[in-house]
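Overview (structure and organization)
Okay, here's what each chain looks like letter by letter:
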Amino acid sequence: MLRAGPLCLDRLGRTLSVNEVDVPLRRAECAVLEYLLDHSERFVPSKELNRTVLNGSVGGNAARNQVYELRQRLAAAGAADSIQYLRGRGYRVRWPVAR
């Protein structure tokens, strides 16, 4: 179980809850969120997400597209600012992670 702010990701069940409300995620979105939570101490570049999480077999915008979709789901659940972006550096989860 990974907790960061209002987010709670169950690694085994591959389920996300925001403020204790279940949020459905596709497999790739869940994998991206899990990677960002695992590396919450730093910004993760899009290229790294493409290479390590999305198996490098997809186009250059794949990570950006997955993060966009993930952000849309988080915003609908009331956690719009959960994923930060810094130009030239990448993405990170806004809050520290409790494992």
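Here is what the cut-offs are and how they apply
- Residues numbered from 1 in each chain as written.
- Predicted model: local features only at pLDDT ≥ 70, side-chain atom pairs only at ≥ 80, totals over all residues.
- Heavy atoms only, no water.
- Axes fitted to C-alpha atoms, helices over the stretch in contact; angles between N-to-C directions.
- Helix = DSSP H or I, 4+ residues; strand = E, 2+ residues; numbered from the N terminus.
- Parallel < 35°, antiparallel > 145°, perpendicular 65-115°, else oblique.
- Contact = heavy atoms within 4.5 Å.
- Nonpolar A, V, L, I, M, F, W, Y, C, P; charged D, E, K, R; others polar.
- Disulfide = S-S within 2.5 Å.
- Salt bridge = Lys/Arg side-chain N within 4 Å of Asp/Glu carboxyl O.
- Buried < 20%, exposed > 50% of the residue type's maximum accessible area, 1.4 Å probe, protein only.
- Phe/Tyr/Trp six-rings, centres within 6.5 Å; stacked < 30°, edge-to-face > 60°.
- Pairing = 2+ DSSP bridges.

Two elements in contact, helix H2 (residues 46–53) and helix H3 (residues 62–76), have axes separated by 8 Å at closest approach and are oriented at 95°. Classified by the interaxial angle, the pair formed by H2 and H3 is roughly perpendicular. Two secondary-structure elements touch here, H2 through Ser 46, Leu 49 and Asn 50 and H3 through Ala 62, Ala 63, Arg 64 and Val 67. Classifying every residue of the contact of H2 with H3 gives four nonpolar, two polar and one charged.

It is worth spelling out the state of the cysteines at this point. Tallied over the full model, the rule gives zero disulfides. Cysteine Cys 30 is unpaired, with the sulfur of Cys 8 as its nearest cysteine sulfur at 12 Å.

Further remarks concern the pattern of salt bridges. Counting across every chain of the model gives seven salt bridges. Here Glu 29 ties to Arg 26 by a salt bridge, and the two come within 3.4 Å at their closest N and O atoms. What makes Glu 29 buried here is its relative accessible area of 0%. For Arg 26, a relative accessible area of 39% translates into the label partly exposed. The salt bridge involving Arg 42 is made with Glu 48; its shortest N-O contact spans 2.6 Å. In this structure, a network of salt bridges that share partners links the residues Arg 11, Arg 14, Glu 34 and Asp 38.

What follows concerns the packing of aromatic side chains. Scanning the model with the defined rule gives one aromatic pair in all. Here Tyr 85 and Tyr 91 contribute two aromatic rings whose centre-to-centre distance is 4.9 Å and whose plane-to-plane angle is 45°, an arrangement assigned as tilted. Tyr 85 gets classed as partly exposed once you look at its relative accessible area, which sits at 45%.

Pairing of strand S2 (residues 7–10) with strand S3 (residues 15–18), which is carried by four bridges, proceeds in the antiparallel orientation. Residue pairing for S3: Leu 7 is matched across the bridge by Val 18. Between S2 and S3, which pair antiparallel one after the other, the connecting turn spans four residues, and Arg 14 there sits at a positive phi close to 55°. With three bridges joining them, S3 and strand S4 (residues 21–23) adopt antiparallel strand pairing. Across the sheet, the residue bridging to Leu 16 is Val 23, located in S4. Counting the residues in the hairpin turn of S3 and S4 gives two residues, including Asn 19, whose phi is positive at 50°.

A few words on the side chain of Glu 48. On the secondary structure map, Glu 48 appears in helix H2. Classification of Glu 48 as buried rests on a relative accessible area of 11%. When neighbours within four sequence positions are excluded, Glu 48 is seen to be in contact with Tyr 35, Arg 42 and Val 53.

Don't take any of this as a statement about function, it's just geometry.
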